[in-house]
Amino acid sequence: MSGPLSSLKVLDFSTLLPGPFASMLMADMGAEVLRVESPTRMDLVRVLPPHDGGVSASHAYLNRNKRCIALDLKKPEAVEMVKQLVAEYDIVLEQFRPGVMDKLGVGYAALKAINPKLIYVSITGYGQTGPYKDRAGHDINYLALAGIASYTGRRDTGPLPLGIQAADIAGGSLHGVIGLLAAVIQRQATGQGQHVDISMTDCAFSLHGMAGAGYLAAGVEPEMENQALNGGSFYDYYRTHDGRWFSVGSLEPQFMQQFCAAIGRPELAARGLSQKPEDQQALKREIKIEFEKRDFAEWSQVFGGLDACVEPMLNLSEAVEHPQIKARGLVTAVPRAGSDPQKQMACPIKFSNGLPEPRHIGAALGAHTAAVLVELGYSTEQIAQLKAAKVVA
């Protein structure tokens, strides 16, 4: 089984999370991904704890199914290798600050001159243009500047760091794959490649969805706990007697009626339709009182058989064992040399024709350098000389 993206060959210069997550999705779907890493400047994910069998679990996951070569791009011989590779690997994914790849001699203009069909995807914090284009940043900064953090949290405690990296993944990784595949489709029609500019801040800004539409069209400024879906209504989390939590999303009348009947307060259902903030806060206080009367296990039994948009908040260890997660096959076993397969999160996209089985966890630095150079026509002696000169590793 080859996978729907088996015709794509991607040269991946990215590190950390956004780019590697994007190229992992493509590799899972059958694309041939070749990572180009520096032998002198380590991708910090390689040493990120926790470790399993001496290998970072994050690295093993984010870089599965990819080959890896180590090139020192500050040396002209390595730049020449990249130019040779681009003749065949006609998609480039990179994550450096704007201008860095140009300085190294492997920017879009230089590589496009070799292969006009090249699709060159750049994922950065702020994009290739604008006053912030050279500024450093992380996920939390992009969410703050995009306005998302301003209405994510509680009024009395302020904004909160999210448990996942929303700007990195939903912003950079997923939009990067969307832009890349759109460019592939256009190339099929025109024969021409192009540069795709992905800003994690831009893409995070686009995720405002309903709140952003409401502000731009109607001037309604979203704030903490003043929207129906951010704590401003009964749509929220509630603590049980033993300190666990339940999510209540019973917005529609039929679900609200089931929910209120289940907690023994059917008279509260009508109050769920009120648009007044004070009414919603009063309703939340009543729901809170009821939830604190029973333990997590009791409420799990109550709502387990109801279709009322009420679900327990699970720990990750519990989520892994949930029947729905297991039925969807969201945990997979990935082969690794010299040891038992490693459990990892599976590709979540389902195809009726299926996907290829995972091939291997993230490879060691330079694990495929020699094999790739042989494919390019280098002799054993030439490869040994390049290694001695520290052009490759």
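Residues numbered from 1 in each chain as written. Predicted model: local features only at pLDDT ≥ 70, side-chain atom pairs only at ≥ 80, totals over all residues. Heavy atoms only, no water.

Draft legend 1. The pattern of salt bridges, seen in detail. Counted according to the given criterion, the structure contains 20 salt bridges. For the salt bridge of glutamate 88 with lysine 9, the shortest nitrogen-to-oxygen distance reads 2.2 Å. Placement of the pair is glutamate 88 in the loop between helix 3 (76-86) and strand 6 (91-94) and lysine 9 in strand 1 (residues 9-12), with a sequence separation of 79 residues. For lysine 9, a relative accessible area of 16% corresponds to the buried category. (Salt bridge = Lys/Arg side-chain N within 4 Å of Asp/Glu carboxyl O. Helix = DSSP H or I, 4+ residues; strand = E, 2+ residues; numbered from the N terminus. Buried < 20%, exposed > 50% of the residue type's maximum accessible area, 1.4 Å probe, protein only.)

Draft legend 2. Region of interest: the packing of aromatic side chains. Considering all chains together, one arrives at twelve aromatic pairs under this definition. Judged by centre distance (5.3 Å) and plane angle (85 degrees), the rings of tyrosine 126 and tyrosine 132 are edge-to-face. Here tyrosine 132 falls in the partly exposed class, since its relative accessible area comes to 35%. Chaining the aromatic ring pairs together yields one cluster made of Tyr238, Phe246, Phe259, Phe291, Phe296, Trp299 and Phe303. Above the ring of phenylalanine 296, the side-chain terminus of arginine 244 is found at 3.9 Å from the ring centroid. Its end group placed over the ring of tryptophan 299, arginine 294 keeps NZ or CZ at 4.7 Å from the ring centre. (Phe/Tyr/Trp six-rings, centres within 6.5 Å; stacked < 30°, edge-to-face > 60°. Lys NZ or Arg CZ within 6 Å of the ring centre and 35° of its normal.)

Draft legend 3. Region of interest: the sheet that holds strand 5 (residues 67-70). Read from one edge of the open sheet, six strands run 5-2-1-6-7-10, paired in parallel fashion. Sheet topology places strand 5 and strand 10 (194-199) at the edges, where each strand pairs with a single neighbour. Within this sheet the neighbouring strands show an average axis-to-axis angle of 20 degrees, counted without direction. Helix 1 (residues 18-28) contacts strand 1, strand 2 (32-37), strand 6 and strand 7 (119-124) of the sheet and is inclined by roughly 160 degrees relative to strand 1. (Pairing = 2+ DSSP bridges. Axes fitted to C-alpha atoms, helices over the stretch in contact; angles between N-to-C directions. Contact = heavy atoms within 4.5 Å.)

Draft legend 4. Focus on the nonpolar core. By size, the foremost hydrophobic cluster in this structure holds 39 residues, and its most contacted members are Leu8, Phe21, Met26, Ile91, Ile119, Val121 and Leu180. The set of elements that each furnish at least two residues to this core consists of helix 1, helix 2 (57-62), strand 6, strand 7, helix 6 (139-145), helix 7 (166-190), strand 10 and helix 8 (200-206). Sorting elements by how many residues they give to this core places helix 7 first, with seven residues. Once residues lying within four places of it in the same chain are set aside, the contact partners of methionine 26 are Leu5, Val10, Ala31, Val177 and Leu180. (Core = buried A, V, L, I, M, F, W, Y, C linked by side-chain atoms within 4.5 Å.)

Draft legend 5. Quick look at helix 1. Burial analysis of helix 1 places eleven of its eleven residues in the buried class, the great majority of the element. Residues Pro18, Gly19, Pro20, Phe21, Ala22, Ser23, Met24, Leu25, Met26, Ala27 and Asp28 constitute the buried set of helix 1. Of the residues one or two after helix 1, glycine 30 is the one with positive phi, at around 105 degrees.

Draft legend 6. How the structure looks around unusual backbone geometry. Note the cis peptide between proline 49 and proline 50, where omega equals 0 degrees. Among the structural elements, proline 50 can be located in the loop between strand 2 and strand 3 (51-52). Look at cysteine 309: it is not a glycine, yet its phi comes out positive at around 60 degrees. Positive phi outside glycine occurs at lysine 390, with the angle close to 60 degrees. In this fold, lysine 390 is placed in the segment after helix 16 (380-388). On the basis of relative accessibility, which here comes to 62%, the residue lysine 390 falls in the exposed class.

Draft legend 7. View of the pairing of strand 2. Counting buried positions along strand 2 yields five of six residues, so the element is predominantly enclosed. The sheet contact formed by strand 1 and strand 2 spans four bridges and is parallel. If you follow valine 10 over to strand 2, its bridge partner there is valine 33. Strand direction decides the pairing type here: strand 2 and strand 5, joined by four bridges, are parallel. Within strand 5, the residue paired with arginine 35 across the bridge is cysteine 68.

Draft legend 8. Region of the structure containing the sheet that holds strand 11 (residues 236-239). Strand order across the open sheet formed by three strands is 11-12-13, with antiparallel pairing between neighbours. Because the sheet does not close on itself, it has two edges, and the strands there are strand 11 and strand 13 (310-312). On average, each strand axis in the sheet is inclined to that of its neighbour by 25 degrees, with strand direction left out of account. In the sheet, strand 12 (residues 245-248) pairs with strand 13 via three bridges, with the strands oriented antiparallel. If you follow serine 247 over to strand 13, its bridge partner there is glutamate 311.

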